Amino acid sequence: MGQVVLVTGVSRYIGGVLARRLAADPSVDRVIGVDVIPPPRDLGRAEFVRADIRNPMIGKVIAQGDVDTVVHANVIATPTFAGGRTPQKEINVIGTMQLLAACQKASTVKRLVVKSTAAVYGSTPRDPAMFTEEMSAKRLPSSGFGKDSIEVEGYVRGFARRRPDAEILTLRFANIIGPRIRTSITDYFNLPVIPIPLGYDARLQFFHEDDAIAALVRGVTGLTTGVVNLAGDGVLTVTQAAGLVRRPYVMVPMAAAGPLGGLGKRFGLVDFSPDQMSFLAFGRGMDTTVMRESFGFMPTFTTRAAFEDFARTVTPVLPSLDAASAAVGGLVGAAQQVLGVSTRGRRH
């Protein structure tokens, strides 16, 4: 008999496509997709159940469906997609707690796959060149998605202690990118002028959206347990990435990076927490030996190829000289205000 899989977060791109892909897999008998709103795309043979993982009712969905495998793909990276930081944290943290409590009570649940993130490693100038799965952050993320993901993984470890019979796989993805998915990093590289912390050119890793879905399918249908880093081969620097999307960039003082992220959020351009801005300064690298040797997964796209596939969807025409100058002037002016510097160069 095949698996009965429950997938959370099917109203968003990765969760929805994953549910449809699993429903087409002959080794899977049934797929139940849950979310608080109906998915915008066809789920194929997968069934949609309107349910909130923050509500204990999720336990009834698992019990009534005789679910044996749960894929938790509902950790939201960007607050604007959740309606703000408060609902984002509630879905990520409270939702995970309720989901794991339901899994703990359900004797049918034998496997849990968690979609996590490289953000749990943080970004500091003291980081190693490559994080392995056994390493932890030199400085824990203090806000946003990274902080939530640290808590989520903590609850998953607690679940593992309470249900030692369950197989648990945590997949830590580099920034997922591609022509169809929208994230804070794709919003950032769609800006007309890209702000980069002055004096830095961070190394970035990416993972293509198609590879992410394929890795999740392998995680569901395979036997691997533990923690696995996933990233495309190679790295790109921020300035190289800006060149691939053919966008001008402006260097801004690091002290202004966080407030500028808030400024971009206010105008609906991009949504970056201070930790994400640190990522753009210091970057992050993950060792993917476990992905290749133990998990047995080889991405189709390198980091550069994944970014290039995304870059082809970005309007290639540079903004007009006047528009670019205005955008740069606005960023520099905002940086001066943040640093308390007048337009004449005097400190207030």
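Everything numeric here is computed off the predicted structure, so don't read it as measured data.

Reading the values: rules and limits
Residues numbered from 1 in each chain as written. Predicted model: local features only at pLDDT ≥ 70, side-chain atom pairs only at ≥ 80, totals over all residues. Heavy atoms only, no water. Buried < 20%, exposed > 50% of the residue type's maximum accessible area, 1.4 Å probe, protein only. Helix = DSSP H or I, 4+ residues; strand = E, 2+ residues; numbered from the N terminus. Pairing = 2+ DSSP bridges. Axes fitted to C-alpha atoms, helices over the stretch in contact; angles between N-to-C directions. Polar contact = N/O pair within 3.5 Å; in protein donor to acceptor, adjacent residues only side chain to side chain. Contact = heavy atoms within 4.5 Å. Parallel < 35°, antiparallel > 145°, perpendicular 65-115°, else oblique. Left-handed = near helix turned anticlockwise from the far one by under 90°. Nonpolar A, V, L, I, M, F, W, Y, C, P; charged D, E, K, R; others polar.

**Observations regarding the pairing of strand 13 (residues 249-252)**
Here is step 1 of the chain: On strand 13, burial follows the alternation: V250 and V252 on one face are buried, whereas Y249 and M251 on the facing-out side are not.
Here is step 2 of the chain: Direction of pairing for strand 8 (residues 194-197) relative to strand 13: parallel, over a ladder of four bridges. Its bridge partner lying in strand 13, I196 is registered against M251.

**Details of the sheet that holds strand 3 (residues 47-50)**
Here is step 1 of the chain: Strand order in this open sheet of seven strands is 3-2-1-4-5-6-11, and the pairing throughout is parallel. The sheet terminates laterally at strand 3 and strand 11 (226-230), the two strands that pair on one side only. Between one strand and the next, the sheet's axes are offset by a mean angle of 20 degrees, whatever the strand orientation.
Here is step 2 of the chain: Here strand 2 (residues 28-35) runs beside strand 3; their pairing, made up of four bridges, is parallel. Note on strand 3: the bridge partner recorded for G33 is F48.

**Examining the side chain of T237**
Here is step 1 of the chain: Residue placement: T237 occurs in strand 12 (residues 236-237).
Here is step 2 of the chain: Looking at T237, its side chain comes within polar contact range of the side chain of D201, at 3.4 Å.
Here is step 3 of the chain: Every residue in contact with T237, bar those within four places of it in the chain, is listed here: D201, A202 and R203.

**Section: the packing of helix 1 (residues 13-23) against helix 6 (residues 209-221)**
Here is step 1 of the chain: Where helix 1 contacts helix 6, the two axes come as close as 10 Å, and the packing angle between them is 50 degrees. Comparing the axis directions of helix 1 and helix 6 gives the class oblique. Relative to helix 6, the crossing made by helix 1 is right-handed. Where helix 1 abuts helix 6, its residues Y13, I14, V17, L18, R21 and L22 lie against E209, D210, A212, I213, L216, V217 and V220.
Here is step 2 of the chain: Of the residues belonging to the contact of helix 1 with helix 6, the class tally is 10 nonpolar, no polar and three charged.

**A few points about the side chain of D25**
Here is step 1 of the chain: Looking at where D25 falls in the secondary structure, it is placed in the loop between helix 1 and strand 2.
Here is step 2 of the chain: One polar contact links D25 to S27, side chain to side chain, over a distance of 2.6 Å.
Here is step 3 of the chain: Ignoring sequence-local partners within four residues, the contact set of D25 consists of R45, V217 and T221.

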